[in-house]
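# Coordinate inspection notes
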Amino acid sequence: MSPMLSLAKASCFLLGGGRKGKCDFSGQLLAYLSLGPIFIIVGFVTLIIFKRELHTISFLGGLAFNEGVNWLIKHVIREPRPCEEAHSTVTTKYGMPSSHSQFMWFFSVYSFLFLYLRMHQTNNARFLDLLWRHVLSICLVTVALLVSYSRVYLLYHTWSQVLYGGVAGSIMAVAWFAFTQEILTPLFPRIAAWPISEFFLIRDTSLIPNILWFEYTVTRAEARNRQRKLGTKLQ
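Residues numbered from 1 in each chain as written. Predicted model: local features only at pLDDT ≥ 70, side-chain atom pairs only at ≥ 80, totals over all residues. Heavy atoms only, no water.

## A look at the overall build of the protein
Looking only at helices and strands, the protein features 10 helices and zero strands. Going from N to C terminus, the protein has its helices and strands arranged as α-α-α-α-α-α-α-α-α-α. Buried residues in the protein amount to 39% of all 235 residues. Residue pairs at least 24 apart in sequence account for 71% of intrachain contacts in the protein once pairs closer than 6 positions are excluded. Accessible surface, the protein: about 14000 Å² in total, of which carbon and sulfur atoms supply 72%. (Helix = DSSP H or I, 4+ residues; strand = E, 2+ residues; numbered from the N terminus. Buried < 20%, exposed > 50% of the residue type's maximum accessible area, 1.4 Å probe, protein only. Contact = heavy atoms within 4.5 Å. Areas by Shrake-Rupley, 256 points an atom, 1.4 Å probe, with all protein chains shown as cover.)

## Overview of the packing of helix α4 (residues 54-77) against helix α5 (residues 99-118)
Their axes nearest at 10 Å, the elements α4 and α5 cross at an angle of 150 degrees. Crossing geometry of α4 relative to α5 is assigned as right-handed. The segment α4 lies against α5, with His55, Phe59, Gly62, Leu63, Asn66, Glu67, Val69, Asn70 and Lys74 engaging Ser99, Gln102, Phe103, Phe106, Phe107, Tyr110, Ser111, Phe114 and Arg118. Residue classes in the contact of α4 with α5 are distributed as eight nonpolar, seven polar and three charged. (Axes fitted to C-alpha atoms, helices over the stretch in contact; angles between N-to-C directions. Left-handed = near helix turned anticlockwise from the far one by under 90°. Nonpolar A, V, L, I, M, F, W, Y, C, P; charged D, E, K, R; others polar.)

## Structural notes on the packing of α5 against helix α7 (residues 159-184)
Interaxial distance between α5 and α7 falls to 7 Å at its minimum, and their mutual angle equals 40 degrees. Classified by the angle between their axes, α5 and α7 sit oblique to one another. Here α5 and α7 pass one another in a crossing that is right-handed. The residue makeup of the contact of α5 with α7, split by class, is 14 nonpolar, eight polar and one charged. (Parallel < 35°, antiparallel > 145°, perpendicular 65-115°, else oblique.)

## Things to note about helix α3 (residues 36-51)
Spacing of three or four residues puts side chains on the same side of an α-helix, whose turn is 3.6 residues. End to end, α3 covers 22 Å across 16 residues, agreeing with the expected 22 Å (1.5 Å per residue, within 8%). Within the sequence span of α3, burial applies to Gly36, Pro37, Ile40, Phe44 and Ile48. Projected down its long axis, α3 shows its buried positions confined to an angular sector of 105 degrees, all on one face. Of the exposed residues in α3, those oriented more than 90 degrees away from the buried face are Ile38, Phe39 and Phe50. Positive phi shows up at Arg52, right after α3, with a value of about 55 degrees. (Expected span 1.5 Å × (residues − 1). Arc of directions from axis to C-beta.)

## Description of the environment of Pro97
For Pro97, the position within the fold is in the loop between α4 and α5. We classify Pro97 as buried; its relative accessible area is 3%. Distance in space between the C-alpha atoms of Pro97 and Ala168 is 8.1 Å, their sequence separation being 71 residues.

## A few points about the layout of surface pockets
Put simply, the largest pocket is a space of about 690 Å³. Taken together, 25 residues line the largest pocket, and the ones lying closest to its centre are Leu47, Thr56, Phe114, Met119 and Ile211. Going through the elements one at a time, α3, α4, α5, α6 (126-153) and α10 (211-234) are the ones with two or more residues in the lining of the largest pocket. Of the residues assigned to the lining of the largest pocket, the class counts are 15 nonpolar, five polar and five charged. (1 Å grid on protein atoms, 1.4 Å probe; cavity = no way out; pocket = protein on both sides within 12 Å on 5 of 7 lines; lining within 4 Å. Points joined across faces, edges and corners; volume = space filled by probe spheres on them.)

## Section: the pattern of salt bridges
Scanning the model with the defined rule gives one salt bridge in all. Arg226 is the partner of Glu222 in a salt bridge, and the nearest nitrogen-oxygen pair spans 2.8 Å. Separated by four residues within a single helix, Glu222 and Arg226 lie in helix α10, roughly one turn from each other. We classify Arg226 as exposed; its relative accessible area is 56%. (Salt bridge = Lys/Arg side-chain N within 4 Å of Asp/Glu carboxyl O.)

Laid out in structure tokens, this is it:
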């Protein structure tokens, strides 16, 4: 048995085992998908370590705040999970709203707003620019739907718990995006100028409309410039 297949089966059993305890292919796949929030957090930490950009740090802060709100709502409503006795590995016995669903919909909606409102097209490839945004948005929504469905399939949540989790996450994403754009973004230049920010190389790219295009063009120009200087020295 391959290591990936073994991991899939282990994840399936740890995350509920699928319907009626059967760890079939669907259960294994959905168990993998339900680990999406963990992969996203690891990706954020890696991105912050290598990029050290304030908006990315704010995004991660929003995800953490969203998790705190989810914990608070769960302990206020105190609605149990559908099969509480079947899940000994969960950290809380309450299921309303689903933290996985709320997390994924926060991430997806915030990313959607970032793609269409924060990143602006700066080159002439208008069709390709819109195409990749549309494709990425569809992928984000698809993953959020699948992760939400996995929580029901694995008997961790009811449909209502997943639905309200998605609604809460979407509302939190819109609110945090507005807070970041209207309150935090004007403060980013000042924060980036702090001595501690300069020491850790924390930067502010909020005035750059498309950071991907900017980094690509600047890196390409610098590489060509260095190549010309190297060629001159070798002559």
